[in-house]
Amino acid sequence: MFDNQMNDLFNCANSDMQRTCTSKLLLKDQERVFRASICICCLPFISDYLEVVQYLHPQELRYFETLTFEKRKRSYLLGRYSAKHALSILTGETNLWDVHIKQGIFNHPIVINKKNQNIQVSISHCDNIGAAVAFPESLPMGIDIEQIDFNKNNLLELPITEKEKELIKTLPFSNSIMLIVLWTAKEALSKILKTGMATPFQVYEINQLKIKHSYIVSYFKQFIQYNSISFILGCYVCTIVYPRSTEISFNGNVSI
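Residues numbered from 1 in each chain as written. Predicted model: local features only at pLDDT ≥ 70, side-chain atom pairs only at ≥ 80, totals over all residues. Heavy atoms only, no water.

## Brief notes about the layout of surface pockets
Over the atoms rolls a probe the size of a water molecule, and its path tells where empty space is left. Condition: Here the term cavity refers to a set of points on a 1 Å grid, laid over the protein atoms alone, in which a 1.4 Å probe fits but cannot get out; the term pocket refers to an open set having protein on both sides within 12 Å along at least five of seven lines, with lining residues being those that place an atom within 4 Å of a point. Grid points are joined across faces, edges and corners, and a volume is the space filled by probe spheres set on the points. Secondary structure elements follow DSSP: runs of H or I no shorter than four residues count as helices, runs of E no shorter than two count as strands, and numbering proceeds from the N terminus. Under the convention adopted here, Pro, Cys and the residues Ala, Val, Leu, Ile, Met, Phe, Trp and Tyr are nonpolar, Asp, Glu, Lys and Arg are charged, and Gly plus all remaining residues are polar.
Taken as a whole, the largest pocket holds about 1000 Å³ of empty space. In terms of lining, the largest pocket is formed by 35 residues, of which the most central are N107, H108, P109, I123 and K191. Top contributing element to the lining of the largest pocket by residue count: helix α4 (residues 70-91), with 8 residues. Across the lining of the largest pocket, the residue classes tally to 12 nonpolar, 12 polar and 11 charged.

## Remarks on the confidence of the model for the chain
The condition that has to hold: Confidence per residue, as judged by the predictor, is encoded in pLDDT with a range of 0 to 100. By definition in these notes, contact holds between two residues if any of their heavy atoms fall within 4.5 Å.
A residue-level look at the chain finds 90% of positions with pLDDT of 70 or above and a mean pLDDT of 87. The lowest-confidence element of the chain is helix α1 (residues 2-11), averaging 53 in pLDDT; the highest-confidence one is helix α3 (residues 58-64), averaging 96. In the model, residues 12-16 has pLDDT below 50 throughout and makes 8 contacts with residues more than four positions away in sequence or in other chains. Here residues 252-256 is a poorly scored stretch, pLDDT under 50, and it has 18 contacts once near neighbours within four places are set aside; other chains count.

## Brief notes about the side chain of D144
Rules: Buried residues are those whose accessible area, probed at 1.4 Å on protein chains only, stays under 20% of the maximum for their type, while exposed residues exceed 50% and partly exposed ones sit between those limits. Distance and chemistry together define a polar contact, namely a pair of N or O atoms within 3.5 Å, with one atom able to donate a hydrogen and the other to accept it when in protein, and with adjacent residues in sequence counting only for side-chain atoms on both sides.
Assignment of secondary structure puts D144 in strand β7 (residues 142-147). Residue D144 is classed as buried on the basis of its relative accessible area, which comes to 3%. Of the polar contacts made by the side chain of D144, one reaches the side chain of K191; its length is 3.4 Å. Sequence-distant contacts of D144, defined by excluding residues within four places in its chain, comprise S124, W183, T184, E187, A188, K191, V237, C238 and T239.

## Describing the sheet that holds strand β6 (residues 129-136)
The strands that make up a sheet pair up through hydrogen bonds in the backbone, lying either parallel or antiparallel. Convention followed: At least two DSSP bridges between two strands are required for those strands to pair. Helix axes are fitted to C-alpha atoms over the stretch in contact, other axes to C-alpha atoms as well, and angles between N-to-C directions run from 0 to 180 degrees.
Reading across the sheet, the 5 strands line up as β5-β6-β2-β1-β12 and stay open at both edges, with antiparallel pairing between neighbours. Edge strands, defined here as strands with exactly one partner in the open sheet, are β5 (119-126) and β12 (247-250). When the angles between neighbouring strand axes are averaged without regard to direction, this sheet yields 20°. Note that strand β1 (residues 19-28) and β12 share 4 bridges and pair antiparallel. Residue K28 lies in a different strand from β12, and its bridge partner there is E247.

## Structural notes on the environment of V121
Turning to its location among the elements, V121 is positioned in strand β5. Its relative accessible area of 4% is what places V121 among the buried residues. For the pair V121 and S82, spaced 39 residues apart in sequence, the C-alpha separation works out to 9.9 Å. Not counting residues up to four positions away in its chain, the partners in contact with V121 are A83, L87, I101, P109, V111, V133, A134 and F135.

## Observations regarding unusual backbone geometry
Phi at N107 is positive, roughly 65°, even though this residue is not glycine. For H213, which is not glycine, the phi dihedral falls at a positive 60°. For H213, a relative accessible area of 55% corresponds to the exposed category.

## Things to note about the environment of L158
Here L158 lies in the loop between α5 (153-157) and α6 (162-167). Here the alpha-carbon distance between L158 and Q202, two residues 44 residues apart in the chain, equals 9.8 Å.

Given below as structure tokens:
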């Protein structure tokens, strides 16, 4: 199972080894089949980041060389590394330096490649963990990953509604975990809509939560065309948002 692979990745996140976990995704509606892919990576040491530079497109490298803050350099490389590996799994492209991921006007990633396959990515990173999902433009998706931290509960409770406060009590997880589940679901949706933090999170209110297999599934009140699945991975939550009309499976295994 893919979630077992990811748990293995996160269990060694504090070790002295680099880890990369990838999976093909299959999404089906009543008439069509869509293919996507996901990559989650752990780069614990500076030497790991230096190796990632070789995967940068020349224009990405020029931008990277303008960065001055260490944290920004790391997050940039985490994002590009995970995104390009997700793209490679989906498209078969092995020359990762040929793929240029540039920023759109809303700072969203745009994939430019010689094959022009209309493939795009959504990117997230937290600490030394990077995550990305690659997908066809005809099937919008978003991803977010965050660390579970009970010290942030008061902050995370500010944007949630009274309905959501009641909802999170219905699932057998701690308040800290569920607050991160809600946050990552909304953040991933905002990436699809390209609104980001500029829109109040109450607009993305969740009105239903379910447990299916080992995932938490969230349904949005306003944006009923989307739903999300969240993985609890050690001290992190990773959430993917995708069209509600489709059924998603990982490496051909359990469908959601």
